[in-house]
Amino acid sequence: MLKTLFVTFFFLNPVFFQHSFAQKPKTNLTVRKQDFVAPDTVNVLFTTTQGNFIIQAYRNWAPLAADRFYTLVKQQFYTNNYIFRVEKDYVVQFGIAGRTKEDNKWDLQRLPDEPVRKKHLKSIVAFARSGKNTRTTQLFVNMQDNPKLDTTMREGVHGYPPFGKVIRGMDVLFKLNGKYRKQILPLQDSVYKWGNSYLDKKFPGLDKIISATIIR
């Protein structure tokens, strides 16, 4: 996850903080769980405490990302997830299950990196990462055009490969509780260790994904 030195650097460098997604880093992980193969296009309905939105995923944009997204939805990973980062002028981020055993299992299943084939325009969806081959379960949605995310370099890796976009319900994302903005990002160790109970206690009022369901 985030080591002490990394957390210090994170807070003292606002530019890094703005463009970081703080997916937990791990070392010496080379084995990836075999994901299901996604259809060429798939729609997923997210039901939240503020309403519904739909993400449409495209396998030809980033096959590994699309397969992982499809697998996680089929296995109901996103059920009962808190939407822990809401920056309405930047991104919305979610994808920590809040169930310790489940989060730790998927934290070992890192995806190899893929090329960036699409631009980070408003509504585009990609996986968060912290460095090379670190994508697992966390997603973010662009709340505006974010061209810097097309070319951002972290640990020699270029950009964040989009795999889908919100095709309905962007207005719902703008209704989410944005009180805490990015405060939870450097605290993910605690969320992975204690689950949703930590967020309930320390960050009351967060909106939640009630369910994520494939609808086509």
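Parameters at a glance
- Residues numbered from 1 in each chain as written.
- Predicted model: local features only at pLDDT ≥ 70, side-chain atom pairs only at ≥ 80, totals over all residues.
- Heavy atoms only, no water.
- Helix = DSSP H or I, 4+ residues; strand = E, 2+ residues; numbered from the N terminus.
- Buried < 20%, exposed > 50% of the residue type's maximum accessible area, 1.4 Å probe, protein only.
- Polar contact = N/O pair within 3.5 Å; in protein donor to acceptor, adjacent residues only side chain to side chain.
- Contact = heavy atoms within 4.5 Å.
- Pairing = 2+ DSSP bridges.
- Salt bridge = Lys/Arg side-chain N within 4 Å of Asp/Glu carboxyl O.
- Axes fitted to C-alpha atoms, helices over the stretch in contact; angles between N-to-C directions.
- Arc of directions from axis to C-beta.
- Core = buried A, V, L, I, M, F, W, Y, C linked by side-chain atoms within 4.5 Å.

With respect to the helices, strands and loops of the structure, Asn-43 is situated in strand E1 (residues 41–48). You can call Asn-43 buried: its relative accessible area is 8%. There is a polar contact of 2.8 Å between the side chain of Asn-43 and the side chain of Gln-56. With sequence-adjacent residues up to four places away left out, Asn-43 is seen in contact with Ile-54, Ile-55, Gln-56, Ile-167, Thr-213, Ile-214, Ile-215 and Arg-216.

Attention now moves to the side chain of Arg-110. Following the sequence through the fold, Arg-110 ends up in the loop between helix H4 (100–107) and strand E6 (124–127). Among the residues examined, Arg-110 registers a relative accessible area of 5% and is labelled buried. Within the local environment of Arg-110, its side chain forms a polar contact with the side chain of Asp-107, the two groups lying 2.4 Å apart. Separated by 3.1 Å, the side chain of Arg-110 and the backbone oxygen of Thr-134 make a polar contact.

Here E6 shows a buried face lined by Ile-124 and Ala-126 and a second buried face lined by Val-125 and Phe-127. Judged from the three bridges that link them, E6 and strand E7 (residues 139–142) form a sheet pairing that is antiparallel. In the sheet register, Ala-126 faces E7, and the bridge partner there is Phe-140.

This brings us to the pattern of salt bridges. If you walk through the whole model with that rule in mind, you get eight salt bridges. Of the charged contacts in the structure, one is a salt bridge between Glu-87 and Arg-181, with a shortest N-O distance of 3.3 Å. With Glu-87 in the loop between strand E4 (85–86) and strand E5 (91–94) and Arg-181 in the loop between helix H6 (170–173) and helix H7 (188–194), this pair connects stretches of sequence that are 94 residues apart. Here Arg-110 ties to Asp-107 by a salt bridge, and the two come within 2.4 Å at their closest N and O atoms. Via salt bridges that share partners, Arg-85, Glu-87, Asp-89 and Arg-181 belong to a single interconnected network.

One ladder, built from eight bridges, connects E1 with strand E2 (residues 51–58); its direction is antiparallel. If you follow Thr-48 over to E2, its bridge partner there is Gly-51. Between E1 and E2, which follow one another and run antiparallel, lie two residues. Bridge count between E1 and strand E11 (residues 208–214): five bridges; the pairing is antiparallel. The residue bridging Val-44 from the neighbouring strand is Ile-214, located in E11.

What follows is about the sheet that holds E4. An order of E3-E11-E1-E2-E10-E6-E7-E5-E4 is seen for the nine strands of this open sheet, with the pairing classed as antiparallel. Two strands in the sheet have a free side with no partner beyond their single neighbour: strand E3 (81–82) and E4. Relative to E11, helix H3 (residues 63–74) is tilted by about 105 degrees, and along the sheet it contacts E1, E2, E6, E7, strand E10 (162–168) and E11.

Along H4, the residues classified as buried are Glu-102, Asp-103, Trp-106 and Asp-107. Looking straight down H4, one finds that the buried residues subtend no more than 130 degrees of arc, so they occupy a single side. Next to the buried residues of H4 lie H3 and H7.

Attention shifts here to the nonpolar core. Counting residues in hydrophobic clusters, the biggest one holds 34 residues, and the most contacted among them are Phe-46, Phe-69, Tyr-78, Phe-94 and Phe-163. When residues of this core are assigned to their parent elements, the largest contribution, six residues, is made by H3. Residues within four places of Phe-69 in sequence aside, it is in contact with Val-44, Phe-46, Ile-55, Ala-57, Tyr-78, Phe-127, Leu-139 and Phe-163.

Purely geometric stuff here, so don't read any function into it on its own.
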